[in-house]
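Spelled out from the first residue to the last, the chains are:
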Amino acid sequence: MKRYGEAVFGTVTDAAPVVQTIHGAVRGENREGVAVFRGIPYGGDVSGKNRFRPPSPAKDWEGVRDCTLNGFIAVQAGTSISGSADFGNYFSGGHPEKFGCEREKQGENCLVLNVLTPGIDGQKRPVAVYIHGGGFDTGSGTLVLGADQWVREEDLVLVGINHRLNVFGYLNLSAYDSDYSSSGMAGILDLLLALEWVRNNIREFGGDPEKVTIMGESGGGAKVNHLLAMHAARGLFRAAIVESGSGAPAVVSPKAACGRTKMLLEELGIPEDCWKRLFEIPAEQLLRAGGRIGMGFSPSSDGLYLPYNKEGDFWEADPGRPLLVGAAADELAAFFDPEVLTWEELRARLLDGNKGTAFPEHLEAKGKGGKNGMPERSEKEGKFSDILQNFSGNADEVIRIFREKDPSADPYQIFIRICSQCSFLGAGAYRQAEAKARKKEGPAYNYYFAFQAPHPRCPEKTFAWHTADLPLQMRVVTYPGCEEISRVMAHAWAAFIRTGSPNTEMLDWPPFTLEKKEVMVFDKTSRVMTDPTKEYRQFIRE
């Protein structure tokens, strides 16, 4: 009898499998029994006069479309993370050839998606739709192309979406023309259209349109939260996974977003009454201008799909949907190169935290710049040391608490862990689980990733760093020491995608409730703990 978690489900036999979509036939490749399709169009032209507009469905084509090469990724100052200089090794599992990043190109017409399936046979398999991170500025859905082992072991269909980003996805032009009232969330509307494509086509790929789960890490998690809040997305997915990205939806007001648009026009030397010249500017020039003004573009409310979320609440159009949400212990370790720190230097940094001087200047310049497929933080957005402005505890007491929790951690690890808890990346997931549990409708499953994985730039150092868990969940494993935690997490994620519960024969994972506050802690030995970060949160300003 076949069991989930074993690589026995790949049943595709055709060397070049063909599937008929509503727009036309597509041809993929066969990777050891898993059919892989790259760059399937789900949307139409979004360049030139169609810039900043809501997307339209892809145009039909005749014949069989070759989908064995990657489609365009969004125009950006980055690249797919599996092909990046700093993170590519960790995110490629030692097999960069699977991802096709070396031949990948950027283009405005990036409304394409990738599909992996273990069988084109009429069965109804659960479907995972991966929404990439990189803030709202960079990234792609290419990561799924290396996840054939996960698909093969868990008998599920996997989809990865490319969509508009940065200035192309979130420039708010509503002040100039009502036809562009939703331009400030065009990138989110791309995702909505992609989910409609999944509903209409995934059955032909062996998937069940009634068993779709959306999942995203970092910026992808924030995008998932936007979709959770949208009534227009109801019925397109039945469950959601938010990983290290618990940002509330629509927290940028139209007024603030339009202010950024004015800054962009000024940077380009375009009078406001000539704003339509934005359609004619070359994509690279527009991208560079958006980067120069130093303001990240992100979704803004349009009053049609989402109102302005002034209070920053976690909205849900359908609170009955199950939610899996969590974060990592050392989120911010990914943004800096490890350094040597003494306990006295750690104490001094915490004491200086409210002054915004906790990070030395040479570290403030470090980070996941766009070239790494992660969001680039500009000087005008402030320094990462701003995070410690949320720190309000006694430095000696806080150090004592963290050292008691992990006696083997060195001063730099403790520093990063404290900073991570002060950031929304580290603390937001618990708050989102609380908000979900408070509604007492659909279940929330909360996790805390504490496993120490090799640092992407200094693999001899280990941290539970931001996004370290993501490839492991998809069975993309570079280091042998990560194999077991990958197997455990990938199996739990697949169980949640299959049933709405992450319980497996390996894990007994109860829902998070306000009464018990049970959290799954993923480490060398994974276990349920009661509110494992309670002592950490007491020194953070809400």
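Quick summary incoming for the structure in this document. No experiment lies behind these values; they were computed from the predicted model shown.

Reading the values: the criteria
Residues numbered from 1 in each chain as written. Predicted model: local features only at pLDDT ≥ 70, side-chain atom pairs only at ≥ 80, totals over all residues. Heavy atoms only, no water. Core = buried A, V, L, I, M, F, W, Y, C linked by side-chain atoms within 4.5 Å. Buried < 20%, exposed > 50% of the residue type's maximum accessible area, 1.4 Å probe, protein only. Contact = heavy atoms within 4.5 Å. Helix = DSSP H or I, 4+ residues; strand = E, 2+ residues; numbered from the N terminus. Pairing = 2+ DSSP bridges. Salt bridge = Lys/Arg side-chain N within 4 Å of Asp/Glu carboxyl O. Axes fitted to C-alpha atoms, helices over the stretch in contact; angles between N-to-C directions. Phe/Tyr/Trp six-rings, centres within 6.5 Å; stacked < 30°, edge-to-face > 60°. Lys NZ or Arg CZ within 6 Å of the ring centre and 35° of its normal. Disulfide = S-S within 2.5 Å.

1. Remarks on the nonpolar core
- Core analysis: the biggest nonpolar cluster contains 164 residues, and Leu278, Phe449, Trp493 and Phe522 have the highest contact counts within it.
- The contact partners of Trp493, leaving out residues within four places of it in the chain, are Trp150, Met215, Ile241, Glu243, Leu324, Tyr447, Gln473, Trp509 and Phe522.

2. Brief notes about the pairing of strand S10 (residues 239–243)
- For S10, the tally of buried residues reaches five of five residues, placing the bulk of the element in the interior.
- Burial along S10 is two-sided: the face carrying Ala239, Ile241 and Glu243 and the face carrying Ala240 and Val242 are both buried.
- One ladder, built from five bridges, connects strand S9 (residues 207–217) with S10; its direction is parallel. By the bridge assignment for S10, Gly216 is matched with Val242.

3. A short note on the pattern of salt bridges
- Counted under the stated rule, the structure contains 27 salt bridges.
- Close ionic contact of Arg347 with Glu344 constitutes a salt bridge, the shortest N to O distance being 3.9 Å. Here Arg347 pairs with Glu344, and both are found in helix H8 (residues 343–351), just three residues apart, close to one helical turn.
- Assessed through its relative accessible area of 28%, Arg347 is described here as partly exposed.
- When salt bridges that share partners are traced, they join Arg31, Lys98, Asp148 and Arg152 into one network.

4. As for the sheet that holds strand S1 (residues 18–20)
- With mixed pairing, three strands are arranged side by side in an open sheet as S1-S2-S5. Looking at the sheet topology across the chains shown, the edges are occupied by S1 and strand S5 (64–66). In this sheet, neighbouring strand axes are inclined to one another by 30° on average, regardless of whether the strands run parallel or antiparallel.
- Sheet topology places strand S2 (residues 25–27) next to S5; three bridges connect them, and they run parallel. By the bridge assignment, Ala25 is partnered in S5 with Val64.

5. Some points on the packing of aromatic side chains
- The tally for this structure, following the rule as stated, stands at 24 aromatic pairs.
- An angle of 85° between the planes, with centres 6.2 Å apart, marks the rings of Tyr445 and Trp509 as edge-to-face. Linking Tyr445 in strand S12 (residues 444–449) with Trp509 in the loop between helix H14 (483–499) and strand S15 (518–522), this pair joins segments that are 64 residues apart in sequence. You'll find Tyr445 and Trp509 in the same group, each marked buried.
- Here a set of aromatic residues connected by ring pairs shows up, and it is made of Tyr445, Tyr447, Trp493, Phe496, Trp509 and Phe522.
- Seen from the ring of Trp61, Arg65 lies directly overhead, with NZ or CZ sitting 5.1 Å from the centre.

6. Notes on the pairing of strand S6 (residues 112–117)
- Among the six residues that make up S6, six are buried, leaving the element largely enclosed by the rest of the structure.
- The alternating pattern of S6 places Val112, Asn114 and Leu116 on one face and Leu113, Val115 and Thr117 on the opposite face, and all of these are buried.
- Two elements, strand S4 (residues 34–41) and S6, share five bridges in a ladder whose sense is antiparallel. Across the sheet, the residue bridging to Val36 is Leu116, located in S6.
- Note: S6 against strand S8 (residues 157–161), four bridges, orientation antiparallel. Note on S8: the bridge partner recorded for Leu113 is Ile161.

7. Looking at the environment of Glu196
- Within the secondary structure, Glu196 sits in helix H4 (residues 186–201).
- Taking the C-alpha atoms as reference, Glu196 lies 53 Å from Glu345; in sequence the two are 149 residues apart.

8. Topic: unusual backbone geometry
- Even without glycine at this site, Lys440 takes up a positive phi of about 55°.
- Inspection of the secondary structure puts Lys440 in the loop between helix H12 (424–439) and S12.
- One non-glycine residue, Lys517, adopts positive backbone phi at about 50°.
- As for its position among the elements, Lys517 is in the loop between H14 and S15.
- By relative accessible area, which is 23% here, Lys517 ends up partly exposed.

9. Concerning the state of the cysteines
- Under the counting rule described, the total for this entry stands at zero disulfides.
- Between Cys458, a free cysteine, and Cys482, which holds the nearest cysteine sulfur, the sulfur-to-sulfur gap is 16 Å.

10. Some remarks on the sheet that holds strand S11 (residues 323–328)
- Spatially, 11 strands are ordered S3-S4-S6-S8-S7-S9-S10-S11-S12-S15-S16 in an open sheet, and the strand pairing comes out mixed. Whereas interior strands pair on both sides, the edge strands pair on one side only; in this sheet they are strand S3 (29–31) and strand S16 (527–530). Geometrically, the sheet is characterised by an average inter-axis angle of 25° between neighbouring strands, direction not taken into account.
- Along the sheet, helix H5 (residues 219–229) makes contact with strand S7 (125–131), S9, S10 and S11, crossing S9 at roughly 130°.
- Strands in contact with H14 are S7, S9, S10, S11, S12 and S15; relative to S10, the strand with the most contacts, it is inclined by about 145°.

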